[in-house]
Amino acid sequence: QVQLQQSGAELVKPGSSVKISCKASGYTFTSYDMHWIKQQPGNGLEWIGWIYPGNDNTKYNQKFNGKATLTADKSSSTAYMQLSSLTSEDSAVYFCARSNNYFDYWGQGVMVTVSS
Amino acid sequence: ETTVTQSPASLSMAVGEKVSISCKTSTDIDDDMNWYQQKSGEAPKLLISEGNTLRPGVPSRFSSSGYGTDFVFTIKNVLLGDEGIYYCQQSDNVPLTFGSGTKLEIK
């Protein structure tokens, strides 16, 4: 069965960077886009971007250009998102989600807290 | 960018009632609308995908309709287990965008 297992919660300092992971199993990793979605506490869902692990093509929401960097490791079927120059506005839960035009499978989410 | 306007923001319904949620888009998206349910502390779950297609394993009490810019999501005979937040999401163009969510409470 398809599973997306994300890394654990992160507590990071303002101005720093964090890299979170999403390990895929149960399907051919290189055949589907992997998307990342942000959810701030009490808020809705915001699309960050996607990576296609088959050729490492990426597409970002302009709002996250320079903030998020998406990569993928085919050998371990793992997608990564690095967030840089963190501020309190980056405190949120971040989900990875497999896409078949729609988000059919989701990771459990990673809570990132930015605090000094 | 396609803006998705979802209403109402919240609903309080009794078991057995019918729920209707509206999403309107600022551009024509054909039938590229998807609907998700998010329960407290969990990731969203896809219920209905493009073309008003019910996902495998999702009860037929859930349905949607619409094309172009106006979409409606319906739950017939709502159950206690349907509590959560429901989101619509357009997959026609980037950036992909979500509605603001409808919080469903069951009385």
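Rules used in this analysis
Residues numbered from 1 in each chain as written. Chains lettered and ligands numbered in written order. Predicted model: local features only at pLDDT ≥ 70, side-chain atom pairs only at ≥ 80, totals over all residues. Heavy atoms only, no water. Helix = DSSP H or I, 4+ residues; strand = E, 2+ residues; numbered from the N terminus. Rg over C-alpha atoms; globule rule 2.2 N^0.38 Å. Buried < 20%, exposed > 50% of the residue type's maximum accessible area, 1.4 Å probe, protein only. Contact = heavy atoms within 4.5 Å. Areas by Shrake-Rupley, 256 points an atom, 1.4 Å probe, with all protein chains shown as cover. Lys, Arg positive; Asp, Glu negative; His and termini not counted. Charge placed at Lys NZ, Arg CZ, Asp CG, Glu CD. 1 Å grid on protein atoms, 1.4 Å probe; cavity = no way out; pocket = protein on both sides within 12 Å on 5 of 7 lines; lining within 4 Å. Points joined across faces, edges and corners; volume = space filled by probe spheres on them. Nonpolar A, V, L, I, M, F, W, Y, C, P; charged D, E, K, R; others polar. Pairing = 2+ DSSP bridges. Axes fitted to C-alpha atoms, helices over the stretch in contact; angles between N-to-C directions. Salt bridge = Lys/Arg side-chain N within 4 Å of Asp/Glu carboxyl O. Polar contact = N/O pair within 3.5 Å; in protein donor to acceptor, adjacent residues only side chain to side chain.

Caption draft 1: The arrangement of the overall build of chain B in detail. Counting its secondary structure elements, chain B contains 0 helices and 11 strands. For a compact globule of 107 residues, the expected C-alpha radius of gyration is about 13 Å, and chain B comes in at 13 Å, within 12% of that figure. Along the first, second and third principal axes, the C-alpha atoms of chain B reach 35 × 25 × 25 Å. For chain B, with 107 residues in total, the buried portion stands at 50%. Counted over contacts in chain B with a minimum sequence separation of 6, partners at least 24 positions apart contribute 56%. Approximately 4800 Å² of chain B is accessible, and the part contributed by carbon and sulfur atoms is 49%. Distance from the positive charge centre (9 side chains) to the negative charge centre (13 side chains) of chain B: 10 Å.

Caption draft 2: Quick look at the layout of surface pockets. Of the volumes computed, that of the largest pocket is approximately 420 Å³. Every residue lining the largest pocket is counted, 24 residues in all, and those nearest its centre are Gln39 of chain A together with Gln38, Ser40, Gly41 and Ile85 of chain B. Only strand 9 (92-99) and strand 11 (110-114) of chain A together with strand 9 (84-90) and strand 11 (102-106) of chain B provide two or more residues apiece to the lining of the largest pocket. Class assignment of the residues belonging to the lining of the largest pocket gives a composition of 9 nonpolar, 10 polar and 5 charged.

Caption draft 3: How the structure looks around unusual backbone geometry. Here the amide bond leading from Ser7 of chain B into Pro8 of chain B is cis, since omega sits at -5°, within 30 degrees of zero. Cis geometry marks the peptide bond from Val94 of chain B to Pro95 of chain B; its omega dihedral reads 5°. Of note, Pro95 of chain B is situated in the loop between strand 9 and strand 10 (97-98). Positive phi outside glycine occurs at Ser77 of chain A, with the angle close to 50°. We note that Ser85 of chain A has phi near 45°; this positive angle belongs to a residue other than glycine. Mapping Ser85 of chain A onto the fold places it in the loop between strand 8 (78-83) and strand 9.

Caption draft 4: Quick look at the sheet that holds strand 3 (residues 19-25) of chain B. All names here are of chain B. Spatially, 1-3-8-7 is the arrangement adopted by the 4 strands of the open sheet, whose pairing is antiparallel. If you trace the sheet from one side to the other, it starts and ends with strand 1 (4-7) and strand 7 (62-67), each paired once. Direction aside, the axes of adjacent strands within the sheet are offset by 15° on average. Across 6 bridges, the pairing between strand 7 and strand 8 (residues 70-75) is antiparallel. Bridge pairing in strand 8 places Gly66 opposite Phe71.

Caption draft 5: Quick peek at the interface of chain A and chain B. Opposite the 18 residues of chain A that make contact, chain B presents 17 residues. Across the contact surface, chain A and chain B share 0 salt bridges. Linking chain A with chain B are 4 residue pairs in polar contact (both at pLDDT 80 or more), by the criterion used here. Sorting elements by how many residues they give to the side of chain A that touches chain B places strand 5 (residues 45-52) of chain A first, with 4 residues.

The values reported here are purely geometric and, on their own, carry no functional implication.
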